Amino acid sequence: MNVVRYNPGNLFGLRSNINSLFDDFFTPSRNETSFSFPVDIYEEEESLVVVAQIPGMEKEDINIEIKDGVLYLAGEYKQSEDIKSESYHIKERTIGKISRSFSLPSSIDPDNVSASYEKGLLKLRIGKLEAVKPKKIDIK
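> What's the story with the pairing of strand β3 (residues 47-53) in this structure? I'm lost.
The two faces of the sheet receive side chains in turn, since in a regular strand these alternate between them. Counted residue by residue, β3 has 6 buried out of 7 residues, so it is predominantly covered. As judged from the 5 bridges shared by strand β2 (residues 39-43) and β3, these two strands associate in the antiparallel manner. Paired with Ile 41 across the two strands is Val 50, which belongs to β3. Following β2, the chain reverses through 3 residues before pairing antiparallel with β3. Taken together, the 7 bridges between β3 and strand β8 (residues 121-128) define a ladder with antiparallel strand orientation.

> Before we go on, may I ask you to explain unusual backbone geometry in this structure?
It is generally the case that most residues other than glycine have a negative phi and that most peptide bonds are trans. One non-glycine residue, Asp 68, adopts positive backbone phi at about 55 degrees. With respect to the helices and strands, the residue Asp 68 is situated in the loop between β4 (62-67) and β5 (70-77). Backbone geometry places Lys 119, a non-glycine residue, at a positive phi of 50 degrees. With respect to the helices and strands, the residue Lys 119 is situated in the loop between β7 (108-118) and β8. On the basis of relative accessible area, Lys 119 is assigned to the exposed category, the value being 80%.

Cut-offs applied
- Each chain carries its own residue numbering, running from 1 in the written order of its sequence.
- Local features in this predicted model are restricted to residues of pLDDT 70 or higher, and side-chain atom pairs are both shown and tallied only at a pLDDT of 80 or more, whereas totals for entire chains, interfaces and linings draw on every residue.
- In computing side-chain properties, one takes all heavy atoms of the structure into account and sets aside hydrogens as well as water.
- For the exposure calls, accessible area comes from a 1.4 Å probe over protein chains only, and a residue counts as buried if that area is under 20% of its type's maximum, exposed if over 50%, partly exposed in between.
- Note on conventions: DSSP H or I runs of at least 4 residues are helices, E runs of at least 2 residues are strands, and numbering of each starts at the N terminus.
- For two strands to count as paired, DSSP must find a minimum of two bridges between them.

Structural data, given as structure tokens:
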């Protein structure tokens, strides 16, 4: 009788493949009707700044709301009406709704918000409440 060493390596590979299969199944694909976009959020002395990368969308199609301490960003990419679906050879750009939401710190002032949209970047400046802004104290 020959002695054969147990090698669990193949079982770990099988487990990884099964996990990958489930991850792929439950993760929305790029062709879903709702998808996300990248966002940077950073703090300055006077405000909180949110920069969202939303290329190819008209500013009129972007909706911005602050409600109950949550910032909501939403919009919709629409299909070009002058091109018929059967005319496409390749169609990789996603059409549909986009949305993100972020909890905001209690130190922000929801009534002091400015927004700009240029070259595919949406930039929001949300002011801080007066009570939380740093106050410089001079020494006499």
